[in-house]
Amino acid sequence: MTTQTGKGEDEKMEVEAVAAAQVVAAEETEESHRVICQLTDPEGTPLGSPIFLPETAGPKELQQLVNQLLNNEEKLPYAFYVSDHELAVQLGSYLQKNKGNLLILLIISVEKVITIVYQPQAVFRIRPVTRCSSTIAGHTEAVLSVSFSPDGCHLASGSGDTTVRMWDLNTQTPLFTCKGVEITQERNTWTYFLFLPPSGHKNWVLCIAWSPDGKYLVSGSKAGELICWDPQTGKSLGNPLMGHKKWITGISWEPVHLSAPCRRFVSASKDGDARIWDVALKKCIICLTGHTLAITCVKWGGDGFIYTGSQDCTIKIWETTQGKLIRELKGHGHWVNSLALSTEYVLRTGAFDHTGKHYSSPEEMKQVALERYNKMRGAAPERLVSGSDDFTMFLWEPAASKHPKNRMTGHQQLVNHVYFSPDGQWIASASFDKSVKLWNGVTGSFVAAFRGHVGPVYQISWSADSRLLLSGSKDSTLKVWDIRTQKLKQDLPGHADEVFAVDWSPDGEKVASGGKDKVLKLWMG
């Protein structure tokens, strides 16, 4: 009798144990189908506390969640990233696919929490350029620089033939040849404005820059002089601005949100000086001296400071009321070739955006430009990236520290050009090692390498929505790269020789390129 009772109790305990095991297994199964996630903005600021998300959650569900947590009245588009890899599928599929990714495995095993970075996306979408819409002859030597106006309505180019040309984007034909004093204008038969010395350049036009309000175009030459042009007439506004002893290496305008209408710009020269000019006074008002070798690049930042990069391996920061040196950034072991600011797109375009709106007064323009700048910058400081002959790049937050935020290595040859995406979330770099590299614009960490060019890459330019990147190379081609897929989107052959200059219009509609074959090409979607 006792034996039977004991046996019954054993069976009961066994059944209970099995049931308990099933409950635990069920809980574990449920738990395994959920992932603990922490949403953060690109600066790393958490959005609420960590939350359990089902493995079936994807970009659509995350988008709804972020809009809800941010209390966005108007639903905005976002992209999501886990350690710089875009999350384009459900969480479960993503984790399964990236099992081999050591970094993600470490995050899951050590932290048990996956950090998902949400990035605001442009509400508009730029179509990739796919074809050459026109090849425009006119320059008699290599085209060295091309630049669209801030509103995307005008295009200018500088050449080794000593002229600046402006082009009619509607008819895709030459509009003005900027040389000096007006002789004639026959718009219909395309006899251009012809200009004579002494008002024109006497040597190669190395760089050009539009004022952010679109009212002026300044060009700098190998002879060291600068000329300010009226884009409406093609006429020079006074005599050349003299002062530099060697050629001009860069020009940058004071942002329109700091001063409207635009009056001041800064030029950099091989002579080691940078000069601030006033176009109304038609003279140099401040000379920035301190570099011991040539200045190679210059940027006028949104906070009002001027940044100069030099062959003396330093970057200097200047205030602009008296021209005092306020900080020096050291770290590069060779020439600094290129500088870029995280706010560069809004500094270039001022009050103009994809809607094409124009403004009735400088005050209105200044106000809108300030709103755009503040929205783009957010609470974080303006970031600066530098590229050098030492094959490296540095990411800086100059307002916060004189020490770099990150040293970015990977290129096998000199870094020729660096450029932040319009939204400030990416940095692209072009190198003589024939590659274009993509980096995280906030942390400076490496993201991807774009390979396909068979010659040095000279210049890069972003589409206004930050989704596409354009590169021009010595190999005579342009290439369009897709940031989401990190692959080549479009190969654009057509030039007969090296492509020196490329620019994507701020409105996203057109691309311009120029180079050794002396022609200007326009490309469209």
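Scoring rules and cut-offs
Residues numbered from 1 in each chain as written. Predicted model: local features only at pLDDT ≥ 70, side-chain atom pairs only at ≥ 80, totals over all residues. Heavy atoms only, no water. UniProt positions renumbered as here; feature names shortened; annotations may be inferred. Helix = DSSP H or I, 4+ residues; strand = E, 2+ residues; numbered from the N terminus. Buried < 20%, exposed > 50% of the residue type's maximum accessible area, 1.4 Å probe, protein only. Pairing = 2+ DSSP bridges. Contact = heavy atoms within 4.5 Å. Expected span 1.5 Å × (residues − 1). Arc of directions from axis to C-beta. Salt bridge = Lys/Arg side-chain N within 4 Å of Asp/Glu carboxyl O.

Going by what an unreviewed UniProt entry lists, the chain is known as NLE domain-containing protein and is assigned to Salvia splendens. Regarding the chain, the relevant UniProt record gives this comment under Function (unreviewed entry): "Guanine nucleotide-binding proteins (G proteins) are involved as a modulator or transducer in various transmembrane signaling systems. The beta and gamma chains are required for the GTPase activity, for replacement of GDP by GTP, and for G protein-effector interaction." What UniProt records for the chain under Subcellular location (unreviewed entry) is the sentence "Nucleus, Nucleolus".

(A) Representation of unusual backbone geometry. Residue alanine 260 is joined to proline 261 through a cis peptide bond whose omega torsion reads -5 degrees. Of note, proline 261 is situated in the loop between strand S14 (248-253) and strand S15 (264-269). Positive phi is not limited to glycine here, since asparagine 71 has a value of about 55 degrees. Following the sequence through the fold, asparagine 71 ends up in the loop between helix H2 (59-69) and strand S3 (78-82). At serine 466, a residue that is not glycine, the phi angle is positive and equals roughly 65 degrees. Mapped onto the elements of the fold, serine 466 is located in the loop between strand S30 (457-462) and strand S31 (468-473).

(B) Spotlight on the UniProt feature "repeat: WD" (unreviewed entry) in the chain. Mapped onto this numbering, the UniProt entry gives "repeat: WD" (unreviewed entry) at residues 136-177, 198-239, 241-279, 288-328, 408-449, 450-491 and 492-525. Annotated as 0% helix and 53% strand, the span residues 492-525 places its first and last C-alpha atoms 12 Å apart.

(C) Representation of the pairing of strand S36 (residues 520-524) within the structure. Within S36, 4 of the 5 residues are buried, which leaves the element mostly enclosed by the surrounding structure. Here 5 bridges tie strand S6 (residues 131-136) to S36, and the two strands are oriented antiparallel to one another. In the strand pairing of S36, threonine 135 is matched with lysine 521. Two elements, strand S35 (residues 510-515) and S36, share 5 bridges in a ladder whose sense is antiparallel. Bridging from a neighbouring strand, lysine 510 pairs with methionine 524 of S36. As consecutive antiparallel partners, S35 and S36 are separated by 4 residues, and within that stretch lysine 518 has a phi angle of approximately 75 degrees, a positive value.

(D) Representation of H2. Taken residue by residue, H2 has Leu62, Leu65, Val66 and Asn67 as its buried positions. On the buried face of H2, the contacting elements are strand S1 (34-40), strand S2 (51-54), S3 and strand S5 (114-120). Positive phi appears at asparagine 71, one or two residues downstream of H2, with a value of about 55 degrees.

(E) A look at helix H6 (residues 362-377). In this model, H6 (16 residues) spans 22 Å end to end at C-alpha, consistent with the 22 Å of a helix rising 1.5 Å per residue. For H6, every residue scored as buried is listed here: Met365, Val368, Ala369, Arg372, Tyr373 and Met376. Taken down its axis, H6 places every buried residue within 140 degrees of arc, on the same side. Structural note: H6 exposes Glu363 and Lys375 on the side pointing more than 90 degrees away from its buried face. Buried positions along H6 lie against helix H5 (344-349). With its phi angle positive at about 70 degrees, glycine 378 sits one or two positions after the end of H6.

(F) Summary view of the pattern of salt bridges. Taken as a whole and judged by the stated rule, the model has 15 salt bridges. A salt bridge links glutamate 364 to lysine 357; its shortest N-O distance comes to 3.7 Å. Overall, lysine 357 belongs to the partly exposed group, its relative accessible area being 43%. In this structure, lysine 489 engages aspartate 482 in a salt bridge whose closest nitrogen and oxygen atoms are separated by 3.7 Å. When its relative accessible area of 41% is taken as the criterion, lysine 489 is described as partly exposed. Aspartate 482 gets classed as buried once you look at its relative accessible area, which sits at 12%.

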